[in-house]
Every structure is written in structure tokens, then in C-alpha cells.
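Examination of the molecular architecture
This is what each chain is made of:
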Amino acid sequence: MRLTPSEEAEELRTIVRAFLDKHTDHAVEESPDAPGWDPSVWHRFACELGTAGLDVPEDFGGAGAGFREIAVVAEELGRSLTRLPWFSTAVLGAGVLLHTDDDAARAELLPGIASGGTTATLAYREQPSGEAVDQPVTTTTTATADGSDWHLDGTKILAVEGATVDLLFVTARAPEGMRIFAVSADAPGLRRTATRAMDPRRQLARIELAGTPARPVVSAARAGTVLAEVLDRAVAALAAEQLGGAAAALDAAVAHARDRMQFGRPIGSFQAVKHRCADMAVQVEAARSASAWATAAAAEAPDELPLAAVTAGLRCGEAYRYVAAENIQVHGGIGFTWEHPAHLHFRRAATSAVLFGDKAQHRERLLAELGV
């Protein structure tokens, strides 16, 4: 199992970084109803760069690459903090269809997602906390059959980009057990509300369904397994994103420590600042190792992914929160202001650390995976 990026992945990194550098805007609107991502930028990013369907097979309009390429894009988006519906679409939405046992749904829906023409997300959470990452199958949302038609009733929360995407994959309890359904954004009985989150660059939404028409895309026999696989994929991709954010925060801290003069010398020459930056670098390298394992496992060794993903989720989440907080301290007063992007990394780090399970849940799952 190779832990280092391929030459092709590094070429992709160069292209994606150049694109995001051009389109990154650190101005923030506090309202959850703010316009958010730019459709023209998304079209170029998803379609022209081909990032929406990186690991989608070529038969379905994708690039036929692998998870290493997914991790590269996630890492670069973490560095830039550009808001785009890539994570929800390429990681969550595509992940459901890549693992489903419904060939017809895959053939119908994957090409739109791979082209970027259809944005998607996964709505599965119903409780803000207390749900174990390795037990994601509990749901009170119900699915009722009327002949060949299905209707959903229930509420989901914390759906990434849930208020803006075109297609939602929703978990619901059918008579034969939990299934995953596809719900169109314009379906009757569907209400989507953006919720205020600490991170203004990652929209989370509340999804309410009242007799909402839906199409089953994952059978009851496979739904629990598919959901667990998609969430492992999401944790691994999020770990790469957290690594990118931590690396960017470290770079910003080092640059400021080098350029900021005090008492006639750079503040980086003072021992307190120098040691702070060194500790940040240790955290980033630890996160890099954990993320590399999770990425390699997702690409080549799916049997190792549950353990690798939860390890990366724990290590990268803690590293990002530490480095983002230390970056603010190195920048002094300006690190706490809206005029500096340091606060955006701090907010993203805090939100991402609990997006698919908090530190305690990751630790419990890690112990379970190790048989402790």
C-alpha cells in the first residue's frame, strides 16, 4: 500500500491550488442565507477541472481516478477555505451511488453528479450529538410505500450544503428496514432551512420531509453497510481537508513570525514564538501521516479503512484545532479580527472536529476497532 501521492495527483494539486488561489475570497457574510458559492466558479471547478467525478468510473462520465485524487482536492479546499459544494457532491453524494447495489440508480444519477451539473448531499443525522460514528443506522424518518411510489416523513439536521444542492440522499425506515432514498430539491413536502453554524464557509441545513416523494436507491439489505462506507469515506476526505487547513495556518503563522518586526528583529527569533511554531509543525506532520494512511486505505485497502479513517479523523481534527488556535496567537490582536483569515481557519477547525463525530466518539470507535 503506497502512502505517498502519485505524480498525477501532485499535478492535480498544482492545478487545483492555482484555481482556488484565483477564486478565494476571505470576505464573509454572517447570514446563513448568504448567497454562498458562485455557480460559475463551481461549473469551472467541477466540469472543466473534472473534480466532481474524480473517482467515478469513466462509464458514468467520471475521470476513473481514485481516492488519492479526492484527498488532494479536499486538502487544497481546506487550505483555501473556498466555499463550493464539492465535499457534499463528490464525497457524500457520489459516495452513496458508488456503493449502492442499485445499478439503475447509479446509471441514471452518477453522470449528472460526475459532470457537476447535479449537486448532491447526504442527510442522515437526526441528533446533534450522541450518535456513534460506527452506528449510523438509527433513524426515525419513515418511508411509506404507495404501490411503486414512496413518501418520506421526518427531519434531518446538519446536512452539508443541504439547503442549496439539487439532490438529497436521505436515510429512512421502511417496513423491511432502513433504506436510502433520493429526494429532488423541488419535491413537494420538502422544506430546507440553512442553520447558523460557527463556520460561515460550510453551510449546514435542517431538512424537513412531510409526505415527500422519494426514490429508493439503496436496499434495506445494503443500507447500513453503504452508510458506514460512505461515512468512512467522508471522515477520510475530511481528514485531508483538515490537514490542508492546518498546513495553511502553519504557513501563515511562520510568514507572520518572519515578517513582523518587534524591538528591531522578527518576532520569529524570540524563543516563545519559535517554539510555538515548532509545536505547530509537529502537529501538522502527525496529521499528514494519519491522513496518508486513511487515503491509501480508501484507495487500495478498504478493509483497513474503518481503522485508518477514525485514526485520521481523531489526529487531524485535534491537529487542526491546535494549529488554528496557535496561529491566532502568533498573529496577536489581528488574528481575532474579521480582517484576517486566521479566524476562518479557527471556525472551520472547530466545526469540522465534530462534523462526523466528536473526539470522544472517535476515541470510542478507535478502541472498538482495536478490540480494546
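Residues numbered from 1 in each chain as written. Predicted model: local features only at pLDDT ≥ 70, side-chain atom pairs only at ≥ 80, totals over all residues. Heavy atoms only, no water.

A look at the overall build of the protein
To be explicit about the condition: The secondary structure listing takes helices from DSSP runs of H or I that are at least 4 residues long and strands from runs of E that are at least 2 residues long, numbered from the N terminus. Only the C-alpha atoms count toward the radius of gyration. The rule for a globule is 2.2 Å times the residue count to the power 0.38. In this analysis, two residues are considered to be in contact whenever any of their non-hydrogen atoms come within 4.5 Å of each other. To measure how exposed things are, a 1.4 Å probe is used in the Shrake-Rupley method; for residues, cover is taken only from the protein chains shown. Counted charges follow a simple rule, with Lys and Arg positive, Asp and Glu negative, and His plus the chain ends left uncounted. In plain terms, the charge of a residue is placed at NZ if it is Lys, CZ if Arg, CG if Asp and CD if Glu.
Secondary structure summary: the protein contains 10 helices and nine strands in total. The C-alpha atoms of the protein give a radius of gyration of 21 Å, which matches the 21 Å a tight globule of 372 residues would have. The dimensions of the protein, computed from C-alpha atoms along their principal axes, are 80 × 45 × 40 Å. Considering only residue pairs separated by 6 or more positions, the protein has 74% of its internal contacts joining residues 24 or more positions apart. Split by element, the accessible area of the protein, about 15,600 Å² in all, is 52% carbon and sulfur. Averaged over its 35 positive side-chain charges, the protein has a centre that lies 7 Å from the centre of its 49 negative ones.

Some details on helix α4 (residues 86-99)
The following threshold applies: By definition here, a helix of n residues has an expected span of 1.5 Å times n minus one. Burial classification: accessible surface area is computed with a 1.4 Å probe over protein chains only, and a residue below 20% of its type maximum counts as buried, one above 50% as exposed, and the rest as partly exposed.
The first and last C-alpha atoms of α4 sit 18 Å apart over 14 residues, in line with the 20 Å expected at 1.5 Å per residue. Where burial is concerned, most of α4 is hidden: 12 out of the 14 residues are buried. All of the buried residues along α4 are Trp86, Phe87, Ser88, Thr89, Ala90, Val91, Leu92, Gly93, Ala94, Gly95, Val96 and Leu97.

Regarding the pattern of salt bridges
Worth spelling out the cut-off: Whenever a carboxyl oxygen of Asp or Glu lies within 4 Å of a side-chain nitrogen of Lys or Arg, that contact is scored as a salt bridge.
All told, the structure shown has 27 salt bridges when counted by the stated rule. When the shortest N-O distance is used, the salt bridge between Glu241 and Arg202 registers 2.8 Å. Here the residue Glu241 occupies a position in helix α6 (residues 220-259), and Arg202 occupies one in the loop between β6 (190-195) and β7 (204-218), the gap between them amounting to 39 residues. Of the two residues examined, Glu241 and Arg202, each falls in the buried class. Here Glu241 makes a salt bridge to Arg348, at a shortest N to O gap of 3.3 Å. With Glu241 in helix α6 and Arg348 in helix α9 (residues 342-352), the pair connects residues that are 107 residues apart, well separated along the chain. Arg348 sits in the buried class, given a relative accessible area of 4%.

Some points on empty space enclosed by the protein
Rules: Only protein atoms enter the 1 Å grid used here. Points where a 1.4 Å probe fits but cannot escape make up a cavity, open sets with protein on both sides within 12 Å along at least five of seven lines make up a pocket, and a residue lines them when an atom lies within 4 Å of a point. Grid points are joined across faces, edges and corners, and a volume is the space filled by probe spheres set on the points. Throughout this entry, Asp, Glu, Lys and Arg are counted as charged residues, while Ala, Val, Leu, Ile, Met, Phe, Trp, Tyr, Cys and Pro are counted as nonpolar. The remaining residues, Gly among them, count as polar.
In the structure shown here, the tally under the stated rule is three cavities of 30 Å³ or more. By volume, the largest cavity is sized at about 140 Å³. Around the largest cavity, the lining comprises 16 residues; the ones closest to its centre are Thr82, Leu84, Phe87, Arg202 and Glu241. At the level of secondary structure, the elements contributing two or more residues to the lining of the largest cavity comprise α3 (67-80) and α4. Counting residues per element, the lining of the largest cavity draws most heavily on α4, at three residues. Class assignment of the residues belonging to the lining of the largest cavity gives a composition of six nonpolar, four polar and six charged.

Points about the nonpolar core
Threshold: Grouping buried Ala, Val, Leu, Ile, Met, Phe, Trp, Tyr and Cys residues that are joined through side-chain atoms within 4.5 Å yields what is termed a nonpolar core.
Counting 89 residues, the largest nonpolar core has Phe45, Trp86, Phe87, Leu122, Phe169, Val217 and Phe356 as the members making the most contacts within it. Sort the elements by how many residues they give to this core and α6 lands first, with 19 residues. Leaving out residues up to four positions away in the same chain, Leu122 has contacts with Leu92, Val96, Ala159, Phe169, Leu227, Val230 and Leu231. Core analysis: the next-biggest nonpolar cluster, separate from the first, contains 18 residues, Ala143, Val165, Ala187 and Ile207 among them.

Quick notes on the packing of aromatic side chains
Short version of the rule: Pairing of aromatic rings covers Phe, Tyr and Trp, the last counted by its six-membered ring, and requires centre-to-centre distances within 6.5 Å; plane angles under 30 degrees mean stacked, over 60 mean edge-to-face, and any other angle means tilted. Charge-over-ring contacts are defined here by two conditions on Lys NZ or Arg CZ: a distance within 6 Å of the ring centre and an angle within 35 degrees of the ring normal.
Under the defined criterion, the tally for this structure stands at five aromatic pairs. Taking 6.1 Å as the distance between ring centres and 25° as the angle between the ring planes, the aromatic pair formed by Phe87 and Phe356 counts as stacked. Note that Phe87 is positioned in helix α4 and Phe356 in the loop between α9 and α10 (359-370), a separation of 269 residues in sequence. Since its relative accessible area comes to 7%, Phe356 is described here as buried. Taking the centre distance of 5.4 Å and the plane angle of 55° together, the rings of Trp150 and Phe181 count as tilted. Here Phe181 lies in strand β5 (residues 177-184) and Trp150 lies in strand β3 (residues 149-160), a separation of 31 residues in the sequence. Each member of the pair, Trp150 together with Phe181, is buried. Lying across the ring of Phe87, Arg202 places its NZ or CZ 5.2 Å from the centre.

Let's talk about the pairing of β5
Applied cut-off: Note on pairing: DSSP must find at least two bridges between two strands before they are called paired.
Counting buried residues along β5, seven of its eight residues qualify, which places the element largely inside the surrounding structure. Judged from the eight bridges that link them, strand β4 (residues 167-174) and β5 form a sheet pairing that is antiparallel. Across the sheet, the residue bridging to Val170 is Phe181, located in β5. The turn linking β4 back onto β5 is made up of two residues. Judged from the three bridges that link them, β5 and β7 form a sheet pairing that is antiparallel. Residue pairing for β7: Phe181 is matched across the bridge by Pro216.

With respect to a nonpolar patch on the surface
What counts is decided by this rule: Patches here are clusters of residues that have more than 30% relative accessible area and form no salt bridge, with a 9 Å joining cutoff for like charges and a 5 Å cutoff for nonpolar side chains (Val, Leu, Ile, Met, Phe, Trp, Tyr).
Judged by side-chain polarity, Leu367, Leu370 and Val372 come together as a nonpolar surface patch covering roughly 300 Å² of accessible area. Counting through the fold element by element, Leu367 comes out in helix α10.

Here we look at the side chain of Thr139
Formally: Between N or O atoms, a polar contact is any pair within 3.5 Å; within protein, one atom must be a potential hydrogen donor and the other a potential acceptor, and residues adjacent in sequence are included only when both atoms are from side chains.
Take Thr139: it is sitting in the loop between β1 (120-123) and β2 (142-146). Polar contacts involving the side chain of Thr139 include one to the side chain of Glu126, which spans 2.7 Å. A distance of 3.2 Å separates a polar side-chain atom of Thr139 from the backbone nitrogen of Thr141.

Keep in mind that these numbers describe shape and distance, not what the molecule does.
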